[in-house]
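Residue-level structural notes
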Amino acid sequence: MTRTLVVIGHGMVGHRLVDLLRDSAWRIVVFGEESRPAYDRVALSSYVDSWSSTGLELPALTGCELRLGEKVVSVDRERRVVVGASGVEVSYDALVLATGSVPFVPPVPGRDLPGCHVYRTIDDLDAIRATVEAASRPGRKSGMVLGGGLLGLEAANALRGMGVSPHVVELAPRLMPIQVDDGGASLLKRLVEKLDLTVHTGTSASSIERDGSRLIAKLASGLELDLDVVVFSAGIRPRTDLDLGLELGPRGGYLVDAACRTADPSVFAIGECAAVEGVTYGLVAPGYSMAEVVADQLSGGARTFPGADVSTKLKLLGVDVASFGDAHAATEGALEVVVNNAVAGTYSKLVVSDDARTLLGGVLVGDASSYLSLRPLVGKEVPAALLQPGGAVDVEMPADAQVCSCLAVTKQTITDAIVSGVACDVAELKACTKAGTGCGSCVPMLKKLLTECGVEQSKALCEHFTHSRAELFEIVRATRISTFSELVARHGTGRGCDICKPAVASILASLGNGHILGASQVSLQDTNDRFLANMQRNGTYSVVPRIPGGEITPEKLIVIGEVARDFGLYTKITGGQRIDLFGATVDQLPLIWRRLVDAGFESGHAYGKSLRTVKSCVGTTWCRYGVQDSVGLAIELELRYRGLRSPHKLKSAVSGCARECAEARSKDFGVIATENGWNLYVGGNGGFTPRHADLLVSDVDTASLIQIIDRFLMFYIRTADRLQRTSVWLEGLDGGLDHLREVVVDDKLGICAELEAAMASHVDDYADEWRGVLEDPEKLARFTSFVNAPGVPDPTISFRAERGQRVPVSLGIPEVVR
Amino acid sequence: MIVCGVEALRPEQGVAALLPDGSQVAVFLTADGSVHALDNIDPFSGAAVLSRGIVGDRGGEPVVVSPVYKQAFSLATGKCLDSPSVSVAVHGVRVRDGVVELT
């Protein structure tokens, strides 16, 4: 008989448990109090970037009964029945409590006034936003965050994003008292105060009062703050308001044993509401670990909670902060090695045992790049070099060290996968070991292990060049070599192939070397570029005129219709807001384009590894909800970057408000309007491996936006591999999004002027490729069916009718052989 | 049969020629000045497109790569280097007095 598991609470940990049991024999019923499915609460602050919860979604659950918006009011453990607020009763064989936690709100008088919020759910953030938007103060608003821990700083950052200057009030004498020591915290305070934050430590709010439209907070220090909004983020408490008559831990939480089981053998508790052997945890990784324990128990296993690594590495307000092991040197006799560089803005402390032989923990602020090497060494022998000033942190990691702490994957597991040949690159390692699929911070370490295991990550483009595409790009840029034959003679071997020739043709075109069908370039082009059209399965081509931003006049639409009708072309609307005309033969292409160019059309580069379209929604011009002119910007961007040859195709979109109708976050570079300007997202993709684009900059004006896109595109064009989309490029970029931001926003490498100049020269030199062909008899002559019978149609091409249009007759190949 | 003047060929490129029986031949001029001719129909797609492929070499062997699914065919033997059981017919071809002839 099927047994029933009831899970109370639908947060990240409850979601994980159900996901782990999805193929089990259990019938699973989940009660969730919030009306939306579980979401990534760790990333909650990113909700402020887009005001869309899409980016926080967790994978949809299958095979369970989700009762969302239904609070559990009671549990009858005698009868083993759970009762929901609607009166529904569900019997269980096993019950898992995953009720999470509630924000702790200190008993400050006035804490319930309108304008006072907690920081826990999407609804909380929406409420904070509503308060901020309703505030009548001109200019930047004023806010107070009570709590200067991790969550408090996150909340402060979110407030900044809403146009609020936050005061952070922390009772302890320093910021992040749990993770960071005094030295690190004083640096952290100095760094965050540069960002329009005011930090008050060692004090608390003694009262909050309403004064007209404002809130006045009095601090214990005597200071009065004039505020529009107050956010409490002074920690969390396990949520145990559902009374099952079970014992609680000393600091709250349903008391469970190492198997996460309460005194009632059929009831478990996991996540923040559980006190495992008396200890509660406020992080998601230990919660996941508990979910795994219970999933194992429910599947007949005997796994127990292994204890938790409460190490953290994060970026708060742009500042790296990491804390691991015994960060506060609580171990008896522990010694500290501190390097505090106030000029560089970095602080590091290593805690070692009394004999200076064992690493116990540490704190890093300002630069946490050594965290990945150090954290796995906790409890292990400390390399002597580490204890020298400026000591190298590039040290050998023991085999049992955890490389991925989110999913508890050891170095041994990873090297086994590499050595046995199961995984040859980062993507395969992610797939087979799951390492790097959590927060992703260990991906650089995965790369390093691949190299250490002797997996040659060959960069050679093909058998003719030992260089990577990026290296070839630099060679061509530096030497100004303008032909493939010279490049292969001087830097390669042989005559070239279908891999290096188009790659070099693209590099030459990115650097501006005239028409891509010029005499020295034409033989390098892939067939689509060679005929400036897209080859289809029967050897005919499709034609896509550019329709910038998807905006088109009725007159131009009629021209496209007439051309399609006169040449018998199959027509279809594309996903990029343009029109594709199929079934043109080689010799028809110039005739078709003569008509299109005369009517004012130009090449849409649907055939090129280059900018395709910039899709748009209608924006402020028509839409009742738009906040910026998305069509105008889309057209400006499309006309600016048209014809730009790149390592792979480039897609873009502009949405006029956060509703995101243009789907900009699935594009290589997507722009979403805000009330203050534009947010720029990069590295998005649809296709085989969909990826939401990452926010690069927010609330910028149009000129800054274009400047940053110029830099972003040129940096990508210079450094990406052949046929590598921006999504994969960004995933593999050392330092990831932060590094990209340092390069293209902060100009850390000092190359932005060069990148901008390169784009300016592209914009100046742009010419329509099809017009270039029509004006040059030499180029036109190549558009013939047969050298000995120009104008005679290819006899293998024939059409039949389908739904009123011409489509290719199958060429007698039963199926595609590859 | 005369196909065209040699000036109609460009190094490392192909052209298509129509034979009296309606079949098609792809004629290539390589960088070393030699000419090659293969059936124009790509056996993997059935489309008459080999003349439009990229010409180059694989380990020194001159090849054309089908523009449809990217298999390489030897210009010397017609053999597909990616699927050795597949090949296309090789045609005799020469340049005489500035004229390209199929033999």
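Residues numbered from 1 in each chain as written. Chains lettered and ligands numbered in written order. Predicted model: local features only at pLDDT ≥ 70, side-chain atom pairs only at ≥ 80, totals over all residues. Heavy atoms only, no water.

**Focus on the overall build of chain B**
- For chain B, the count of helices and strands is zero helices and ten strands.
- Ordered by position from N to C terminus, the α and β elements of chain B give β-β-β-β-β-β-β-β-β-β.
- Considered along the principal axes of its C-alpha atoms, chain B spans approximately 35 × 30 × 20 Å.
- Within chain B, the fraction of its 103 residues that count as buried is 57%.
- In chain B, the proportion of contacts linking residues at least 24 apart, taken out of those at least 6 apart, comes to 38%.
- For chain B, the accessible area works out to roughly 3,900 Å², and carbon and sulfur atoms hold 54% of it.
- Taking the average place of the 7 positive charges on the side chains of chain B and the average place of its 11 negative ones, the gap between the two points comes to 2 Å. (Helix = DSSP H or I, 4+ residues; strand = E, 2+ residues; numbered from the N terminus. Buried < 20%, exposed > 50% of the residue type's maximum accessible area, 1.4 Å probe, protein only. Contact = heavy atoms within 4.5 Å. Areas by Shrake-Rupley, 256 points an atom, 1.4 Å probe, with all protein chains shown as cover. Lys, Arg positive; Asp, Glu negative; His and termini not counted. Charge placed at Lys NZ, Arg CZ, Asp CG, Glu CD.)

**Concerning helix α16 (residues 589-598) of chain A**
All names here are of chain A.
- Within α16 the residues assigned to the buried category are L589, P590, I592, W593, L596 and V597. End-on, the buried residues of α16 take up no more than an arc of 155°, which puts them together on one face.
- Phi turns positive, to about 100°, at G600, one or two residues after α16. (Arc of directions from axis to C-beta.)

**Digging into the pairing of strand β7 (residues 94-97) of chain A**
Residues and elements named next belong to chain A.
- Neither face of β7 is open: one carries A94 and V96, the other L95 and L97, and all of them are buried.
- In this structure, strand β1 (residues 4-8) lies alongside β7, joined through four bridges in parallel fashion. Following the sheet pairing, V6 is matched in β7 by L95.
- Sheet analysis places β7 next to strand β19 (residues 267-269), joined by three bridges and oriented parallel. Bridge assignment links L97 to a residue of β19, and that residue is A269. (Pairing = 2+ DSSP bridges.)

**Topic: the domain arrangement of chain A**
Residues and elements named next belong to chain A.
- Segmentation of chain A into domains returns domain 1 (4-102 + 238-298), domain 2 (116-234), domain 3 (469-525), domain 4 (526-608 + 776-808) and domain 5 (610-767).
- Computed over C-alpha atoms, the centres of domain 3 and domain 5 are 26 Å apart.
- Facing the eleven residues of domain 3 at the interface are ten residues of domain 5.
- Of the roughly 960 Å² buried between domain 3 and domain 5, counting both surfaces, carbon and sulfur atoms make up 52%.
- On the domain 3 side of the interface with domain 5, the three residues burying the most area are R469, R477 and S510, jointly 46% of the side's total.
- Linking domain 3 with domain 5 are one salt bridge, by the criterion used here.
- A salt bridge links R477 to E754; its shortest N-O distance comes to 3.2 Å.
- Within the residue set of the side of domain 3 that touches domain 5, elements represented by two or more residues are α11 (469-479) and α13 (500-510).
- The element that contributes the greatest number of residues to the side of domain 3 that touches domain 5 is α11, accounting for five residues. (Domains from an automatic or database assignment. Buried area = accessible area lost by both parts, 1.4 Å probe. Salt bridge = Lys/Arg side-chain N within 4 Å of Asp/Glu carboxyl O.)

**Remarks on the sheet that holds strand β4 (residues 35-39) of chain B**
Residue and element names in this part refer to chain B.
- Taken in spatial order, the four strands of this open sheet run β2-β3-β4-β8, and their pairing is antiparallel. Unpaired on one side and paired on the other, β2 (13-18) and β8 (90-91) mark the two borders of the sheet.
- Relative to β8, β4 is paired through two bridges, and the arrangement is antiparallel. Paired with A37 across the two strands is H91, which belongs to β8.

**Remarks on the interface of chain B and chain A**
- At the interface, 42 residues of chain B touch 39 residues of chain A.
- Between chain B and chain A the total buried area reaches about 3,000 Å² when both faces are included, carbon and sulfur atoms providing 52% of it.
- Three residues, R52(B), I54(B) and D57(B), lead the burial of chain B against chain A; their summed loss comes to 24% of the area buried on that side.
- Linking chain B with chain A are four salt bridges, by the criterion used here.
- Across the pair E12(B) and K501(A) runs a salt bridge whose closest N-O atoms are separated by 3.1 Å.
- Our count for the chain B to chain A interface comes out at 15 residue pairs in polar contact (both at pLDDT 80 or more).
- Looking at the side of chain B that touches chain A, the elements that each hand over two or more residues are β1 (2-5), β2, β5 (54-58) and β6 (61-65) of chain B.
- Considered class by class, the residues forming the side of chain B that touches chain A number 23 nonpolar, 13 polar and six charged. (Polar contact = N/O pair within 3.5 Å; in protein donor to acceptor, adjacent residues only side chain to side chain. Nonpolar A, V, L, I, M, F, W, Y, C, P; charged D, E, K, R; others polar.)

**Comments concerning helix α17 (residues 630-641) of chain A**
Residue and element names in this part refer to chain A.
- Between its terminal C-alpha atoms α17 stretches 16 Å, which fits the 16 Å expected from twelve residues at 1.5 Å a residue.
- All of the buried residues along α17 are S630, V631, L633, A634, I635, L637, E638 and Y641.
- Buried residues in α17 make contact with β32 (611-616), β33 (650-655), β34 (669-674), β35 (677-682), α18 (702-719) and α21 (752-765). (Expected span 1.5 Å × (residues − 1).)

**What about the packing of aromatic side chains?**
All names here are of chain A.
- With the rule as written, the count across this model stands at 14 aromatic pairs over all chains.
- Judged by centre distance (6.1 Å) and plane angle (80°), the ring pair of F465 and F484 falls under edge-to-face. Residue F465 is located in the loop between α10 (443-452) and α11, and its partner F484 is located in helix α12 (residues 484-491); the two are separated by 19 residues in the primary sequence. One exposure class covers both F465 and F484, and it is buried.
- Where F531 meets Y541, the ring centres are 5.6 Å apart and the plane angle is 45°; that geometry is what we call tilted. Separated by ten residues along the polypeptide, F531 in the loop between α14 (527-530) and β28 (534-535) and Y541 in strand β29 (residues 541-543) bring together distant segments of the chain. Both residues of the pair, F531 and Y541, belong to the buried class.
- Site record: aromatic cluster; members linked through ring pairs are F531, Y541, W593, W770 and F783. (Phe/Tyr/Trp six-rings, centres within 6.5 Å; stacked < 30°, edge-to-face > 60°.)

**A few points about the sheet that holds β19(A)**
Residue and element names in this part refer to chain A.
- Spatially, β3-β2-β1-β7-β19 is the arrangement adopted by the five strands of the open sheet, whose pairing is parallel. Looking at strand neighbours, the two that pair on one side only are β3 (65-68) and β19, the edges of this open sheet. Averaged over all pairs of adjacent strands, the angle between their axes in this sheet comes to 15°, without regard to strand direction.
- Across the sheet, helix α1 (residues 12-20) touches β1, β2 (27-32) and β7, and the angle it forms with β1 is around 160°.
- The strands that helix α6 (residues 284-298) touches are β1, β7 and β19; relative to β19, the one it contacts most, it runs at about 160°. (Axes fitted to C-alpha atoms, helices over the stretch in contact; angles between N-to-C directions.)

**Concerning the confidence of the model for chain A**
Residues and elements named next belong to chain A.
- Averaged over all residues, the pLDDT of chain A equals 90, while 97% of them reach at least 70.
- Across chain A, β33 holds the top mean pLDDT of 98, while strand β21 (residues 312-316) sits lowest at 78.
- Low confidence marks residues 814-818, where pLDDT is under 50. Its contacts with residues over four positions away, or in another chain, come to six contacts. (pLDDT = per-residue confidence, 0-100.)

**Brief notes about the nonpolar core**
All names here are of chain A.
- Formed by 57 residues in total, the largest nonpolar core has its most connected members in L637, F669, L680 and L740.
- Per-element tally for this core: the top contributor is α18, with ten residues.
- When residues of this core are assigned to domains, at least three fall in each of domain 3 (469-525) and domain 5 (610-767).
- The contacts of L680, once residues within four sequence positions are left out, are F669, G670, V671, D694, L695, L696, V697, L705, I708 and I709.
- By size, the runner-up hydrophobic cluster in this structure holds 49 residues, among which are V18, V30, V96 and Y288. (Core = buried A, V, L, I, M, F, W, Y, C linked by side-chain atoms within 4.5 Å.)

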